[in-house]
Each structure stands twice: as C-alpha cells, then as structure tokens.
Amino acid sequence: MKIVAADVIVSSPDRNFVTLKITTDEGITGLGDATLNGRELSVASYLRDHVAPLLMGRDAHRIEDTWQFLYRSAYWRRGPVTMAAIAAVDVALWDVKAKAAGMPLYQLLGGASRTGIMAYGHASGRDLPELFDSIRRHLDEGFRSIRVQTSVPGINAVYGVAAQPSATGQRYDYEPAQRTPLPAEEDWDTRAYLRHLPSVFEAVRNEFGPELPLLHDGHHRMTPIQAAKLGKALEPYDLFWLEDCTPAENQEALRLVRQHTTTPLAIGEVFNTVWDYQTLIREQLIDYVRSAVTHTGGITAMRKLLDFAAQYQIKSGIHGPTDISPVGMAAALHLDLAIHNFGIQEYMKHTPLANEVFRQSFTFTDGYLHPGDQPGLGVELDEEAAARFPYEPAYLPFNRLKDGTVHDW
C-alpha cells in the first residue's frame, strides 16, 4: 500500500491547528496532529516543503522504517519542530494501518489494558470562592481528578487562571496564545507564589476532603531549591503530582528536588525525545512522563519511552490540553488504553468550532475517557469546515520579574 498524497491543513477554529492527511493508493486516509502552539507555521512548512515529498511512493505499512528514515536522514535531529512533524507522519500511518485492519488503533498496540482512562480537569480561580466554584463545576462535569491553579496576590496575571483578563476574550487557560501583534507580557514573583500556594491547597483540602486527587502545574518557573521548598510545603495536602516545577532541561536539577520532598513529580511537557528523560528515568527522579504524542515523535516513539519508564515504575501523564488537536488527543487515548503503566490523562474539552472541524468518536463518562471502537483513530477531518477558519497569528505570553528580567512563563 503506497502513499500517494500528504496534505498539510492549517485551520483556526478558535485556535490554530496543523493537521497532516496521508492518502494511499487504496484510498485509505490517515490523520496526524502537528500543532506546535505559537509556532504552527514552522511545522507546516517542515512537513509541506521537506517531509511530504519524501513520503511519495513509500509503503504506508512500514511505520518503524519511515520513522527512522525521517529522524536519521535529516541529520539535524530532535527539537520540537522536527519531532512534531515526525509525530504527524507516524500517527497518520498508524491511523491508516488500523483502518486497513478494520480495528481501533489500540487493538494493534496490544489491546486494552483497562476499561477506561482516568482524566483530570483544569480548575482555577482568582480567589478561593471562584476556585471552589470551578472545582465544583468540574466535579459536576464528571471529573474525578482536578488540577488547581490560582491567582497570586501582587501578580497581575498567572498561567492557567481561566477568569483573568485575556485579549481574546476567551478562557485564559483554554487559549493563552493571544492573537496580538506581539506576545503579551505578564509579571512574576516566585516568593509571593511560594508563600501563597500552600494556603490555597490547605483551603481546598478543608473544603473537598482528603480523597479528591489534586494536581498543580509549576510551569517551569522555579529553581531547584525553590521547587524543593514548594514540594515539601505541599506534602500535607497529598498532591497527585507537582508538574514541571523546574526548567527540566537541566535533568540533574531534579536530584535536589527529589532529595527534599516526597511530593510526586511530573516532568516533560516541553520534552520531545527519550534523550530528554534518560537521567530522570534511570535515576527515578520523576514519577510521571508528561510529553505529548504530538510533540514527541508520535505513537512509535512514545510507546518506547513509556516502556523504558515502566522498568522504573514511572507512569504516563500525557500532555493533553486544547493545543493538542482532537487528532493528537485520540492518539494519546489509544496509547493510554494499551500500555500497562498508565497514570492519568490531561483533558480539556475542545470548543464547538473545533469539534465541527474534527469529528471524533472518543467519549468522556464518569471521569473516564475512551477512544471508541471505530477503525483507526476514530477522528475525521471536515476539510470544508476547516477551510472556513484560516490561520491567525497568535503568541503565547512571556514573563518579566519586577526588575524587568525576562523569566520562564
């Protein structure tokens, strides 16, 4: 079965998505997600100008061989643009193979290891009453695990707080990438954050009890000693995990954090290869792998990464907000269902416009996701609907400290 077309579709139903559509000589099509939030066109160009011509005439069934060819033949390896492009090809080929087999993709990955996929939702608030209302709404929607993000006194805008002002007028945590000529500038104060956050989790535990799994995202903003201090301060509140507490490109930094806290650590949202995790997994410095299928080379690469992690009792926590398209989300769900060392799946519901462009079969019931049993990924692209929403430039924000220094957002 030969590849005869590889089309790149860029669409913006409320936010920008990059989708690869591969077509075979047997008329079977497969979809892959190549969205890189704030740098979408870089991946679109990489696919359209450099990768698509190399795919013509290749055997669509040879997924591993195609992956290795695209990774090694470019010579310049790794990086988010390259790995997102390879991921799109990989996922699209798995979609094709599963459709050809007449099976949902998870069956080709070994079949289901569980009946459902535990998901966590994103609650936030500018103050405690607003945060409590957000948690209650997520519980009413069926979530049984909750990420908690909060405003901090003295800081004007904080990542992940939905109700704070946004230039787009949308929920901030749904789409922080704002459609403005330049990236939005936000402020940051780590000491204020470290003082405030433990009191928030104390209040949440007092209100909602000890059983509710709670998560928090530090979003790379702390030094190792600051992260260790926060992890230790949060121990009484029994977090499910503390996410991306440091800019973990410096893998050895997590040794210090690990020495000082038993709060579970989830790391890797901005990682894109197994090499980013080598020390973290081998030395058991983390508890959850946070990469996205979309940004880490696809299903082929993520399966290998998670099999490596499983040797050390480290579980999955695949990145899944709405900057991952429904195609990328479906790929994550099929992998979640099949692997043994599944931990939890991030889940934000896409908007009605996005759901109009991407017709999907996965479901969310009583806190659990399931990819569905349609052949392939279970997602189809409505190209006419996609064409109604052209690309619009958008940038993620950045942070400055009080003295004007650029800081990790």
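Residues numbered from 1 in each chain as written. Predicted model: local features only at pLDDT ≥ 70, side-chain atom pairs only at ≥ 80, totals over all residues. Heavy atoms only, no water.

An unreviewed UniProt entry lists the protein chain under the name D-mannonate dehydratase ManD, from Micromonospora parva.

**Some points on the overall build of the protein chain**
Secondary structure summary: the protein chain contains 13 helices and 18 strands in total. For 409 residues, the compact-globule estimate of 2.2 N^0.38 gives 22 Å, and the C-alpha radius of gyration of the protein chain, at 21 Å, lies within 12% of that figure. Each principal axis of the C-alpha atoms in the protein chain carries an extent, and together these give about 60 × 45 × 45 Å. When burial is assessed residue by residue, the protein chain has 60% of its 409 residues classed as buried. Across the protein chain, the fraction of contacts at a sequence separation of at least 24, relative to all contacts at a separation of at least 6, is 70%. Total accessible area computed for the protein chain in this model is approximately 16,000 Å², and 51% of it derives from carbon and sulfur atoms. Computed over 38 positive and 51 negative side-chain charges, the inter-centroid distance for the protein chain is 4 Å. (Helix = DSSP H or I, 4+ residues; strand = E, 2+ residues; numbered from the N terminus. Rg over C-alpha atoms; globule rule 2.2 N^0.38 Å. Buried < 20%, exposed > 50% of the residue type's maximum accessible area, 1.4 Å probe, protein only. Contact = heavy atoms within 4.5 Å. Areas by Shrake-Rupley, 256 points an atom, 1.4 Å probe, with all protein chains shown as cover. Lys, Arg positive; Asp, Glu negative; His and termini not counted. Charge placed at Lys NZ, Arg CZ, Asp CG, Glu CD.)

**Overview of the packing of helix α2 (residues 63–72) against helix α10 (residues 298–310)**
For any two helices packed against each other, one specifies the inter-axial angle together with the distance between the axes. Two elements in contact, α2 and α10, have axes separated by 9 Å at closest approach and are oriented at 90°. As the angle between them shows, α2 and α10 are arranged roughly perpendicular. In contact with I63, E64, W67 and Q68 of α2, α10 contributes T300, A301 and K304. (Axes fitted to C-alpha atoms, helices over the stretch in contact; angles between N-to-C directions. Parallel < 35°, antiparallel > 145°, perpendicular 65-115°, else oblique.)

**Observations concerning the environment of Q68**
When you line up the elements, Q68 lands in helix α2. Residues Q68 and I86, 18 residues apart in the sequence, show an inter-C-alpha distance of 9.5 Å. When neighbours within four sequence positions are excluded, Q68 is seen to be in contact with S73 and K304.

**Focus: helix α11 (residues 326–338)**
Between its first and last C-alpha atoms α11 spans 19 Å; for 13 residues at 1.5 Å apiece the expected length is 18 Å, and the two agree. Across the 13 residues that make up α11, a large majority, 13, are buried. (Expected span 1.5 Å × (residues − 1).)

**What about the packing of aromatic side chains?**
Scanning all chains against the criterion turns up 15 aromatic pairs. Between F132 and F208, the ring centres sit 5.6 Å apart and the planes meet at 85°, which makes this aromatic pair edge-to-face. Separated by 76 residues along the polypeptide, F132 in helix α5 (residues 128–140) and F208 in helix α6 (residues 190–208) bring together distant segments of the chain. According to the relative accessible area criterion, F132 is buried, its value standing at 13%. Ring pairing ties together the aromatic residues Y120, F240, W241 and Y288, which thus form one cluster. (Phe/Tyr/Trp six-rings, centres within 6.5 Å; stacked < 30°, edge-to-face > 60°.)

**Some points on the pattern of salt bridges**
All chains considered together, the criterion is met by 23 salt bridges. A salt bridge links E380 to K99, with the nearest nitrogen and oxygen atoms 3.2 Å apart. Separated by 281 residues along the polypeptide, E380 in strand β16 (residues 379–381) and K99 in helix α3 (residues 80–101) bring together distant segments of the chain. Salt-bridge contacts for D307 lead to R303; the nearest nitrogen and oxygen are separated by 3.6 Å. Placement of both D307 and R303 in helix α10 is noted, with a separation of four residues, approximately one turn of the helix. It is possible to trace a salt-bridge network through shared partners that takes in E243, E269, R290 and E346. (Salt bridge = Lys/Arg side-chain N within 4 Å of Asp/Glu carboxyl O.)

**A few points about the pairing of strand β2 (residues 17–24)**
Taken across its eight residues, β2 has eight buried, putting it largely inside the fold. The pairing of strand β1 (residues 3–11) with β2 spans eight bridges and is antiparallel. Opposite I9, over in β2, you have T19 as the bridge partner. Following β1, the chain reverses through five residues before pairing antiparallel with β2; D14 in that reversal takes a positive phi of roughly 85°. With five bridges connecting them, β2 and strand β3 (residues 29–33) associate as antiparallel partners. Within β3, the position partnered with T23 by the bridge is T29. Where β2 folds back on β3, the antiparallel hairpin that results is connected by four residues, among which G27 adopts a positive phi of roughly 80°. (Pairing = 2+ DSSP bridges.)

**Details of unusual backbone geometry**
One non-glycine residue, Y75, lies in the positive phi region at around 70°. Among the structural elements, Y75 can be located in the loop between α2 and α3. Take Y75: its relative accessible area is 61%, and that puts it in the exposed class. In this model, H219 sits at a positive phi of 55°, which is unusual for a non-glycine residue. Structurally, H219 is set in the loop between β7 (214–217) and α7 (224–234).

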